[in-house]
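Below are the chains, spelled out letter by letter.
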There are 2 protein chains.
Amino acid sequence: MTTERQPTGRTRVRRHRDRASYETAEIDAILDEGMICHVAACVDGVPWMIPTAYGRDGDVLYLHGAAGNHLLAAAGDGGDVVVTVSLLDGMVLARSTFNHSFNYRSVVVFGRAEAVTDPPEKAHALEVIVDHLLPGRSREARPPTDAELRQTRVVRLALDEASAKIRRGPASDQPDDVGLPIWAGVLPLRTVAGPAEPDVHNQPGVAAPAGFDQPRRWSLEEGDPAR
Amino acid sequence: MTTERQPTGRTRVRRHRDRASYETAEIDAILDEGMICHVAACVDGVPWMIPTAYGRDGDVLYLHGAAGNHLLAAAGDGGDVVVTVSLLDGMVLARSTFNHSFNYRSVVVFGRAEAVTDPPEKAHALEVIVDHLLPGRSREARPPTDAELRQTRVVRLALDEASAKIRRGPASDQPDDVGLPIWAGVLPLRTVAGPAEPDVHNQPGVAAPAGFDQPRRWSLEEGDPAR
């Protein structure tokens, strides 16, 4: 069964409605594949934005930053925030300047964030964020101390008001332009990872994290020592 | 001679000041390497954000969108905007959860945008945006018609209030953690392009764009037919 989120005035895609998706599974897949998000909030009527790490736990998005981060402080005070995750899949070269585009998958989430202050939920949120980058990593790394938790600001944003916008496929030219002697096509783009650079102080015999050799979302380069 | 931008209350990096750069050349290089930016504005006190294409012409950033785009409309009315370009260079795995990080290069630009309504400057801005993606492409593609220019909203943002934040190098663990039997290191990330997918309607003998074989910012994959 396909579950759809109800579009709102903020999440309904107005331009290129054929590119819109309100399906929970499609939204979640984009959020899970992205590595960073951009989060913005209005502070005294002025927009602020930061790129940051995040993690998804079901229908909740966790964001974190330094305790002194005033954008996340404003967000945690119940202010409206907007979070975007954008995956760039290709450059689309059309015959006309006007029809140049990107292939992409993006998600936008609107809502009022809440500060996470309860230490167990804060620790859980940080596990979710680290495991978002590398599944299982939170069980390998040293967990945060109480002092580290106090130095970290975490906010929680419900995924109730979210939509995806996706463009796939070839260039879309006006019919009159298709016969022009101008090269059109798509240049696919993707993120690749590796080779891993082990820290010089790693203890002898300590293996690279599980998951490096079975990347969930990146192509590992040939010759990666973590394979 | 190194030129630096004067940091303001909005662009001065407060956390990890060692990662800040106010050098014009470093800011410009990040803007030129990025492919999309995220732009945010406050509309009736609520933050909105879109990922979009952009181009830099000296000390000016051009952004464009559909004529009906209300975020760019608000920006063009002289409202404050914030633009971020973020390049992800690696995942940094530390021994502690707390010290996990990314290697990245990011630029943030604050300012009041202005609508570009003069048709010649609008056409120029679209050339700058297309050439930002692929240098010289604006001389190959069909230029915009008057009707297409009317369908496009362009705003100009001065680069006066801009700063960069950059993290490079290995994991940074607390001294007590360095001896732990936990793998630490960096997993470099980069964007690769290709192989190009020529449009099925391309005219016989029409060559791929100049620049595909000398990418300014991406690694082309082996076997790319555009080489």
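The coordinates are above.
Residues numbered from 1 in each chain as written. Chains lettered and ligands numbered in written order. Predicted model: local features only at pLDDT ≥ 70, side-chain atom pairs only at ≥ 80, totals over all residues. Heavy atoms only, no water.

Participant: Just checking my understanding: could you explain the environment of S86 of chain B for this structure?
Facilitator: Along the chain, S86 of chain B falls in strand β6 (residues 80-93). S86 of chain B sits in the partly exposed class, given a relative accessible area of 21%. Taking the C-alpha atoms as reference points, S86 of chain B and M35 of chain B, separated by 51 residues in sequence, lie 9.4 Å from one another. The residues touching S86 of chain B, leaving out its near neighbours within four places in the chain, are I36, H38 and P51 of chain A together with R105 and S106 of chain B. (Helix = DSSP H or I, 4+ residues; strand = E, 2+ residues; numbered from the N terminus. Buried < 20%, exposed > 50% of the residue type's maximum accessible area, 1.4 Å probe, protein only. Contact = heavy atoms within 4.5 Å.)

Participant: I keep staring at helix α3 (residues 119-133) of chain A and nothing clicks. Help me out?
Facilitator: Compared with an ideal rise of 1.5 Å per residue, which puts 15 residues at 21 Å, α3 of chain A spans 22 Å between its outermost C-alpha atoms and is within 8% of the ideal. Among the residues of α3 of chain A, K122, A125, L126, V128, I129, V130, D131, H132 and L133 of chain A are the ones counted as buried. (Expected span 1.5 Å × (residues − 1).)

Participant: Just to check I follow, could you spell out the sheet that holds strand β9 (residues 152-158) of chain B for this structure?
Facilitator: Note: strands within a sheet are paired through backbone hydrogen bonds, in either parallel or antiparallel orientation. Residue and element names in this part refer to chain B. Read from one edge to the other, the open sheet built from four strands follows the order β4-β5-β9-β8, with strand pairing classed as antiparallel. Each of the sheet's edge strands pairs with one partner strand only, and the pair in question is β4 (54-57) and β8 (114-116). Mean inter-strand twist for the sheet, computed between neighbouring axes without regard to direction, equals 30°. Sheet strands in contact with helix α1 (residues 24-33) are β4 and β5 (60-66), and its direction is about 145° off that of β4. (Pairing = 2+ DSSP bridges. Axes fitted to C-alpha atoms, helices over the stretch in contact; angles between N-to-C directions.)

Participant: Which parts of the structure should I look at to understand the sheet that holds strand β5 (residues 60-66) of chain A?
Facilitator: Residues and elements named next belong to chain A. Ordered by their spatial adjacency, four strands build an open sheet running β4-β5-β9-β8, and the pairing between neighbours is antiparallel. Of all strands in the sheet, those with a lone pairing partner are β4 (54-57) and β8 (114-116), marking the two edges. Direction aside, neighbouring strands of the sheet carry axes that sit 30° apart on average. Running at roughly 145° to β4, helix α1 (residues 24-33) makes contact with β4 and β5 of the sheet.

Participant: Would you take a moment to explain the pairing of strand β7 (residues 101-112) of chain B for this structure?
Facilitator: Every other side chain in a regular strand lies on the same face of the sheet, so the side chains alternate between the two faces. Residues and elements named next belong to chain B. Burial runs high along β7: eleven of the twelve residues are buried. Direction of pairing for β6 relative to β7: antiparallel, over a ladder of twelve bridges. In the strand pairing of β7, V82 is matched with F110. Sheet topology places β7 next to strand β10 (residues 161-167); seven bridges connect them, and they run antiparallel. Of the residues in β10, the one forming a bridge with V107 is A164.

Participant: I keep staring at the state of the cysteines and nothing clicks. Help me out?
Facilitator: Cysteine pairs can be covalently joined through their sulfur atoms, and such a bond is termed a disulfide. In total, this model carries one disulfide over all chains according to the counting rule given. The residue that forms a disulfide with C42 of chain A is C42 of chain B, at a sulfur-sulfur distance of 2.1 Å. Handedness here is read from the sign of the S-S torsion; for C42 of chain A and C42 of chain B, about -125°, the answer is left-handed. Residue C42 of chain A is found in strand β2 (residues 37-43), and its partner C42 of chain B is found in strand β2 (residues 37-43); the two belong to separate chains. The same class applies to C42 of chain A and to C42 of chain B, which are both buried. Among the cysteines around C37 of chain A, which has no disulfide bond, C37 of chain B carries the closest sulfur, lying 16 Å off. (Disulfide = S-S within 2.5 Å.)

Participant: How should I be thinking about the interface of chain B and chain A in this particular structure?
Facilitator: Often, the extent of an interface is quoted as the loss of accessible area on bringing the components together. Tallying the contact residues gives 89 residues for chain B and 89 residues for chain A. Both faces considered, chain B and chain A share a buried interface measuring about 7400 Å² in area, 67% of it formed by carbon and sulfur atoms. Inspection of the region where chain B meets chain A yields four salt bridges. Residue R142 of chain A is joined to D177 of chain B by a salt bridge in which the shortest nitrogen-to-oxygen separation is 2.7 Å. (Buried area = accessible area lost by both parts, 1.4 Å probe. Salt bridge = Lys/Arg side-chain N within 4 Å of Asp/Glu carboxyl O.)

Participant: What exactly am I supposed to notice about the packing of aromatic side chains here?
Facilitator: The geometry of two aromatic rings is summed up by the distance between their centres and the angle between their planes. One pass over the full model with this rule turns up two aromatic pairs over all chains. The interplanar angle of 65° and the centroid separation of 5.0 Å between the aromatic rings of W48 of chain A and F110 of chain B together place this pair among those described as edge-to-face. Of the two residues, W48 of chain A sits in strand β3 (residues 46-52) while F110 of chain B sits in strand β7, which places them in two different chains. Just as W48 of chain A is buried, F110 of chain B falls in that class too. (Phe/Tyr/Trp six-rings, centres within 6.5 Å; stacked < 30°, edge-to-face > 60°.)

Participant: Just checking my understanding: could you explain unusual backbone geometry for this structure?
Facilitator: The general pattern is negative phi for most residues beyond glycine and trans for most peptide bonds. Residues and elements named next belong to chain A. Between G194 and P195 the backbone carries a cis peptide bond, its omega angle lying at -10°. Mapping P195 onto the fold places it in the loop between β11 (185-193) and β12 (197-198). With a phi angle near 55°, D44 is a residue other than glycine that sits in the positive phi range. As for its position among the elements, D44 is in the loop between β2 and β3.

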